[in-house]
Amino acid sequence: MKVLVTGANRGLGLALVQQGLAQGHIMFAAVRSVAEQHIKELQQLKAIFEGQLRIIHMDVTNEKSVKQAADAVKWTDQYLDVVINNAAVLNERESTIEELDIHACSQAFDVNTLGPLRVVKHFFPLLKVGIEERVSDTQAILNISSEAGSITNTGPLDYPYGMSKAALNMLTVKLKRYLQQDDIAVISIHPGWMQTDMGGNQAPKDPNETAENLYTLLKKGKNNESFSFVDDTGKQMSL
Ligand code: NDP
């Protein structure tokens, strides 16, 4: 498969790239910064998995940057099978409504909701070519969401993050209906509480475990209503 992962330089994104390479996929690791210190691990992987890894610059908040990344992939590789919208920010986590910084809320929406929207807008043509080529029998868009985006399961705080992920889930449902005929699975995933910069070191889960589960899930890639929002093991989550 040819797989794009956003936010690929650390955390779950990096684990998805690593796991995908180990499984023999062609990986497109999209990163906000290509500065040496940002992509050290990716460069090491590139040296090991020669020819299997492309590192591309993409700031998901910048439509021009997303379009340029899509053009670059089209130029070198013509099509994609899977897009994984993973990049996100978690900010203003503990702020009450009185303290809330609205600018930070806009930033959360810009990265967590509009980011995946920009990516799907510009990479969709490559997915369509992927369907026509039918080299792989898996075509999918995975939106890495969170249980914080479940309307029935929100704590009192987390305004920007929870709202932006709920809106991401809405994007998933809309795309799923739109793409039904095209046979592209569209799924929102709660990846679990993971040991990453975002999840912190108290988290119970290794992101590599989540990454492995997500590739298993991709093989099952279903495009039905009950598979709109699931955890990394495929268990249904409440929108
Ligand atoms: P991290 O904070 O560890 O990594 C976030 C990634 O997103 C980084 O690669 C970061 O790049 C990238 N990113 C942020 N802003 C942008 C941008 N504007 N353009 C491109 N990339 C950007 O997060 P995790 O790995 O923990 O999280 C991965 C996904 O899982 C996220 O969608 C998150 O919401 C979700 N999730 C995580 C949980 C957890 O416990 N960790 C729990 C539930 C959901 P840079 O290094 O340049 O900042």
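Cut-off values and rules
- Residues numbered from 1 in each chain as written.
- Predicted model: local features only at pLDDT ≥ 70, side-chain atom pairs only at ≥ 80, totals over all residues.
- Buried ≥ 20, exposed ≤ 12 C-beta atoms within 10 Å, placed from the backbone.
- Helix = DSSP H or I, 4+ residues; strand = E, 2+ residues; numbered from the N terminus.
- Right-handed = clockwise from strand over helix to strand, strands pointing away.
- Pairing = 2+ DSSP bridges.
- Near = placed C-beta within 6 Å.
- Arc of directions from axis to C-beta.
- Contact = placed C-beta atoms within 7 Å.
- Axes fitted to C-alpha atoms, helices over the stretch in contact; angles between N-to-C directions.
- Parallel < 35°, antiparallel > 145°, perpendicular 65-115°, else oblique.
- Left-handed = near helix turned anticlockwise from the far one by under 90°.
- Nonpolar A, V, L, I, M, F, W, Y, C, P; charged D, E, K, R; others polar.

Named according to an unreviewed UniProt entry, the protein is SDR family oxidoreductase originating from Gracilibacillus caseinilyticus.

Peer 1: Would you mind showing me how to read the pairing of strand β1 (residues 2-6) here?
Peer 2: Burial analysis of β1 places 5 of its 5 residues in the buried class, which makes it a mostly covered element. With burial as the criterion, each face of β1 is covered, one bearing Lys2, Leu4 and Thr6 and the other bearing Val3 and Val5. Each parallel crossover has a hand, and the one from β1 via helix α1 (residues 11-22) to strand β2 (residues 26-31) is right-handed. Note: β1 against strand β4 (residues 82-85), 3 bridges, orientation parallel. Within β4, the position partnered with Leu4 by the bridge is Val83.

Peer 1: Would you mind going over the pairing of strand β3 (residues 53-57) with me for this structure?
Peer 2: Two faces, one strand: in a regular strand the side chains alternate between the faces of the sheet. With 5 bridges joining them, β2 and β3 adopt parallel strand pairing. Bridge assignment links Val31 to a residue of β3, and that residue is His57. The parallel pair β2 and β3, bridged by helix α2 (residues 40-48), forms a crossover whose chirality is right-handed.

Peer 1: Explain the site of the ligand to me, please; I cannot follow it from the model alone.
Peer 2: Surveying the vicinity of the ligand reveals 27 residues, the closest of which are Gly7, Gly11, Ala88, Thr196 and Gly199. A total of 3 residues in the shell around the ligand trace back to one element, the largest contributor, which is α1.

Peer 1: Please explain helix α4 (residues 102-112) as it appears in this structure.
Peer 2: In an α-helix, one turn spans 3.6 residues; hence positions three or four apart end up facing the same way. Inspection of α4 places Ala108, Val111 and Asn112 among the buried residues, and these make up the whole buried set. End-on view of α4: buried residues confined to an arc of 80°, all on one side of the axis. Seen from the open side of α4, the exposed residues pointing more than 90 degrees away from its buried face are Ile102 and His103. Those residues of α4 that are buried are in contact with α5 (114-133) and α6 (159-178).

Peer 1: Looking at this model, I keep getting lost on the packing of helix α3 (residues 63-77) against α5. Mind explaining?
Peer 2: At their nearest, the axes of α3 and α5 sit 9 Å apart, and the two run at 20° to each other. On the basis of their axis angle, the class for α3 and α5 is roughly parallel. Between α3 and α5 the crossing geometry is right-handed. Along its contact with α3, which presents Glu63, Val66, Lys67, Ala70, Val73 and Lys74, the element α5 presents Arg118, Val119, His122, Phe123 and Leu126. For the contact of α3 with α5, a count of residues per class yields 6 nonpolar, 1 polar and 4 charged.

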